[in-house]
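Examining the three-dimensional arrangement
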Amino acid sequence: MSSYDPNAIERRWQEVWESERTWEVPNPGQPGFDESKPKSYVLEMLPYPSGEPHIGHLKVYSVGDAVAHYQRRNGFRVIHPMGYDAFGLPAENHAIQTGEHPRDSTAAAIASFQRQFRRWGVSIDWSRELSTHEPAYYRWTQWIFLKLFERGLAYRQEAAVKWCPKDATVLANEQVVDGRCERCGTEVEARQLEQWFFRITDYADRLLKDLESIEWSEHVKTMQRNWIGRSEGAEVVFRCEELGIDFPVFTTRPDTLFGATFFVLAPEHPAIERLVAGTGAEAGVRDYVNKALRESTEERSAEDREKTGVPLGRTVTNPVNGEQIPMFVSDYVLMEYGTGAVMAVPAHDQRDYEFATAFDLPIRRVVEPPDGDVPEDAAYVEHSEDEVLVDSGSFTGVRADEAIQKITGWLEEKGLGKAAVSYRLRDWLISRQRYWGCPIPIVYCEKCGIVAVPEDQLPVELPEVEDYAPKGRSPLAAAEDWVATECPQCGGAARRETDTMDTFVDSSWYFLRYCDASNEAAAWDRDVLRAWMPVDQYIGGVEHAILHLMYARFFTKALADLDLLDVEEPFQALFTIGMITRDGAKMSKSKGNAVDPADYVERYGADTARSYVLFIGPPSQDADWSDDGVEGMHRFMSRLWRLGREVAERTEASDEQLATSNGATGDAKALLAKTHWAIDKVTRDFERGFQFNTAISAVMELVNEAYRCKDSLYGDPVGDACLRFATATAASLISLFAPHLGAEVYEQLTGVRVWEQPWPKADPAALSADTIIYAVQVNGKLRDRIEVPVDTPKDEVIILARQSEKVQRHLDGTVVVKEIFVPGKLVNLVVR
RNA sequence: GCCGGAGUGGCGGAAUGGCAUACGCGAUCGACUCAAAAUCGAUUGUCCGAAAGGGCAUGUGGGUUCGACUCCCACCUCCGGCACCA
């Protein structure tokens, strides 16, 4: 007898899907578009094409493909596309080292990804394929940039960027590892340069609030909330009377205003020079500021760092009591957050307390727990419930939470402050002084200034250059012919923007382009988008929980505001998958512990490899790869294949009716029940958040049951029918994860294609066998099991339970005070 | 420090408050074979016991309940995110 040959089977079905374009789905208005079906947009995060796909790709696309198949078989019109996030640093660094054009190495990588995805049998609509580095795609990335620019959502401003002094280049954030350049290890410096930003902070509140409307895991939502970092409080104005300068500060604790004993500015604060002029403290302040500016963010934010600072020789007025408090400059105050200045309340803020201690400044307690059980000499007071204000003028005795409202109201009346909200989120810096990215479609004209490239001149194509290495400016700057252009407004001489965009821009809208991928006249047709968006199920690694997912949400909202789109959230549901490790460690080429999926696909077939990565544990969790485990999955695939073979040979193709008839008894009925149980179990595991590991184990149980009873069923028409039904169902269920084997076995037994069949429904009536086994407990401890006919009434089951010899032993000399009966499950006799 | 998640056999992991350890791996034994592989079948938490049987086990300690891996309280450990964020 021949044996399971996954490679032959898989090739055969892949050819069918390829030649029949099985997974392509038309858009509205195109032939074959079925308006009667509900739509389902199933999307896995698009891969960055580099080298060969790794095991993580296998996992994401195995999960996504299972979802796509399931949705199709449940009557949905499913869009399941694929593309490549092709701009980016690895290809560029490779080019710098070898001189190979990034376009060529990227094309090679894409080709190998395409080959692998087909080899894995993923049900992709290839007609919608795209790559973000193609001008046909990035012209629309540029178009979106221009739309944002028109709206004021893209703007240019001077900003501090990461600079590697040795490589003489600006670095992307992700190239800075622990404050050092990832390539040469040199400590990174900050430099002020003009940069392009997207005004994502305008959307902070909506990005936060709309998290409530989407089905994402709490974990990811929390990460986004942390990142946005919304704080409620008040903006309070402290005035330097001598110079007539107002210093607003943001505080979450306006209730502690009476405890402010000094005032601190960030070293970058623009008013410092003016403040210090004429005080005699100029030299000391300048030294301190310069030193602070030279230090890396890493150094400045180091834990347990001593508080340092210098007095400015000026004071500001505390608006609540008119007190003059001294001003300092210190690097523990950050220019990027709030207003770059803080009111210091050392009794109630740990950092202020440390500074006050170091500089011997007064510490004044203004909030206390209601019971007052704080030692008289305790300087720093932990925040606690129901605190009450002390020593706070007319607010003394007020509860702290009320005082926040009251003091803010009082300030507002006096024009000295107002309620305010502050965010941790910063605007998105998208400029990259890099070659391999989407050019920013902007021209600088001496006369007209910053000028947008007109839409009809898009795309601004990436020029050819000799040297890909950045040397303090973008490599594009070397393409003189390209840089020199004429102003679209006045026709005069102008120069092109030479920076490219952060690659996260490219991937912030690709899911929109998939909907209308071949549209040459526009980025998309709004009606087409309406037919597909939003993505119903997004699937990807948790490493993108913040950046990519935040940026894509921002784009969607901004485009909706521009009236180009009808949805506010791009991804209705998100499923994040865990990492696959090897011996508990992250896989990497440098560690030499990487598992190449192609090896396993080659050896055991794609069905085995795909099913294994799903079976290894809940897909949302990290899981450790085991070679033995793969073999186990291969054994199961072979077992199912052999069962299909044998059942097809030894039983007659019989009517479906025969199988579902109630003629089945004994083993046949048990197998029938197991079959319906498996259908129900796999369906529930799917609905319950993609519990594929247990879904697959349910199919294993079904196959085990078929093996157990098959020899007693062969030859009996009802038995044959049940075996056929059980085996075909196992194939049908497993086809979500092992589409080739599923199609093969199903076809052998039924003659039809499994993916064209509706998802099976469990018949509740067939779920039960002839008998039920009851667990019998005495005082909650299991003492016996009794088997009774399915419909035995409660009273009878209890009588039988009490008659059991094993139970009797534990009832001896006791009184049964209570009988607990759980239908179909157990009897618990409570005795005294 | 704040927020989120998780602690179950030798291992990966199962269990709407109802038979803890499904399924798989590994291990042991048996069948088939001249033999091996493959395959099929059986056993496999731990302790006491020849066995029948019993005790103990889901990070720790309490609680609720007829009954708790599951719910509540306190704690320990690990993983992830944020963090001189005012």
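Placed above this text is the structure.
Attention here is on the structure that accompanies the text. Predicted model, so just to flag it, every value in this text is computed and none were measured. (Residues numbered from 1 in each chain as written. Chains lettered and ligands numbered in written order. Predicted model: local features only at pLDDT ≥ 70, side-chain atom pairs only at ≥ 80, totals over all residues. Heavy atoms only, no water.)

Describing the packing of helix α22 (residues 666-687) against helix α24 (residues 717-734)
The condition that has to hold: All axes here are fitted lines through C-alpha atoms, helices being fitted over the stretch that makes contact, and every angle between N-to-C directions spans 0 to 180 degrees. In this description a helix means any DSSP run of H or I spanning at least four residues, a strand means any run of E spanning at least two, and both kinds are numbered starting from the N terminus. Roughly parallel covers angles under 35 degrees, roughly antiparallel covers those over 145, roughly perpendicular covers 65 to 115, and oblique covers all other angles. The hand of a helix crossing depends on one turn: near helix anticlockwise from the far one by less than a right angle means left-handed, and clockwise means right-handed. By the convention used here, residues are in contact when the closest approach between their heavy atoms is within 4.5 Å. All residues other than Ala, Val, Leu, Ile, Met, Phe, Trp, Tyr, Cys, Pro, Asp, Glu, Lys and Arg, Gly among them, are scored as polar; the first ten of these are nonpolar and the last four charged.
Where α22 contacts α24, the axes come no closer than 9 Å and their chain directions differ by 15 degrees. Taken together, the axes of α22 and α24 lie roughly parallel to each other. Classified by chirality, the crossing of α24 by α22 is left-handed. Contacts from Ala 668, Leu 671, Leu 672, Thr 675, His 676, Ala 678, Ile 679 and Val 682 in α22 reach Gly 719, Cys 722, Leu 723, Phe 725, Ala 726, Thr 729 and Leu 733 in α24. Here the residues of the contact of α22 with α24 are counted per class, giving 11 nonpolar, four polar and no charged.

So, the protein's contact with RNA strand B
Our working definition: Here a residue counts as near a molecule or strand whenever at least one of its heavy atoms sits within 4 Å of it. The definition of a polar contact used here is a pair of N or O atoms within 3.5 Å, where within protein one atom must be able to donate a hydrogen and the other to accept one, and adjacent residues in sequence count solely through side-chain atom pairs.
Looking at RNA strand B, there are 54 residues lining it, with Lys 307, Arg 351, Arg 424, Pro 618 and Arg 785 nearest. Sugar plus phosphate: this is where 63% of the atoms of RNA strand B within 4 Å of the protein reside. A distance of 3.4 Å separates a phosphate oxygen of RNA strand B from a polar atom in the side chain of Ser 231. Of the residues forming the surface near RNA strand B, the biggest block, seven residues, is contributed by helix α23 (residues 692-713).

Topic: the pattern of salt bridges
One side chain can pair with another of opposite charge once the charged atoms of both are near each other. Test applied: Salt bridges are counted wherever a side-chain nitrogen of Lys or Arg sits within 4 Å of a carboxyl oxygen of Asp or Glu. Only protein chains enter the accessibility calculation, which uses a 1.4 Å probe; a residue whose area is less than 20% of its type maximum is buried, one above 50% is exposed, and one in between is partly exposed.
All chains considered together, the criterion is met by 53 salt bridges. Of the charged contacts, one joins Lys 674 and Glu 701 as a salt bridge, the two residues approaching to 2.9 Å between their closest N and O atoms. Within this pair, whereas Lys 674 is found in helix α22, its partner Glu 701 is found in helix α23, the two being separated by 27 residues in sequence. On the basis of relative accessible area, Lys 674 is assigned to the buried category, the value being 18%. Accessibility expressed as a relative area gives 37% for Glu 701, which makes it partly exposed. Across the pair Asp 685 and Lys 681 runs a salt bridge, and its minimum N-O distance is 3.4 Å. Taken as a pair, Asp 685 and Lys 681 lie in helix α22 at a separation of four residues, close to a single helical turn. Of the two residues examined, Asp 685 and Lys 681, each falls in the buried class. A single network of salt bridges, built from pairs that share partners, joins Arg 526, Asp 527, Arg 530, Asp 563 and Asp 566.

Quick look at the sheet that holds strand β22 (residues 449-452)
Rules: Paired strands, as defined in this entry, are two strands with at least two bridges between them according to DSSP.
Pairing is antiparallel in the open sheet, where four strands are placed in the order β22-β21-β24-β23. At either margin of the open sheet sits one strand with a lone partner, and together these are β22 and β23 (484-486). Between one strand and the next, the sheet's axes are offset by a mean angle of 40 degrees, whatever the strand orientation. Sheet topology note: the strand β21 (residues 442-445)/β22 ladder contains four bridges and is antiparallel. For Tyr 444, the partnering residue across the bridge sits in β22 and is Ile 450.

Describing the sheet that holds strand β33 (residues 816-822)
Reading across the sheet, the four strands line up as β32-β31-β34-β33 and stay open at both edges, with mixed pairing between neighbours. Across the chains shown, the open sheet's two edge strands, defined by having one partner strand only, are β32 (781-789) and β33. Looking at each pair of strands side by side, their axes are set apart by 20 degrees on average, direction ignored. The pairing of strand β31 (residues 771-778) with β32 spans eight bridges and is classified as antiparallel. If you follow Ala 775 over to β32, its bridge partner there is Arg 785. Where helix α26 (residues 794-803) meets the sheet, its contacts fall on β31, β32, β33 and β34 (826-831), and the angle it forms with β33 comes to roughly 125 degrees.

Quick look at helix α1 (residues 6-20)
As a reminder of what qualifies: The span expected for a helix works out to 1.5 Å for each residue beyond the first. Arc definition: it is the arc formed by the directions from the helix axis to the C-beta atoms.
Under the 1.5 Å per step criterion, the end-to-end length of α1 is 21 Å for 15 residues, consistent within 8% with the ideal 21 Å. Within α1, the full set of buried residues consists of Pro 6, Ile 9, Glu 10, Trp 13, Gln 14, Val 16 and Trp 17. Mapping the buried residues of α1 onto a view down its axis gives an arc of 155 degrees, with all of them on the same face. Taken together, the buried residues of α1 touch α4 (102-119), α18 (597-604), α19 (606-615), α20 (627-650) and α25 (739-750). Downstream of α1 by a residue or two, Arg 21 has a phi angle that is positive, lying close to 50 degrees.

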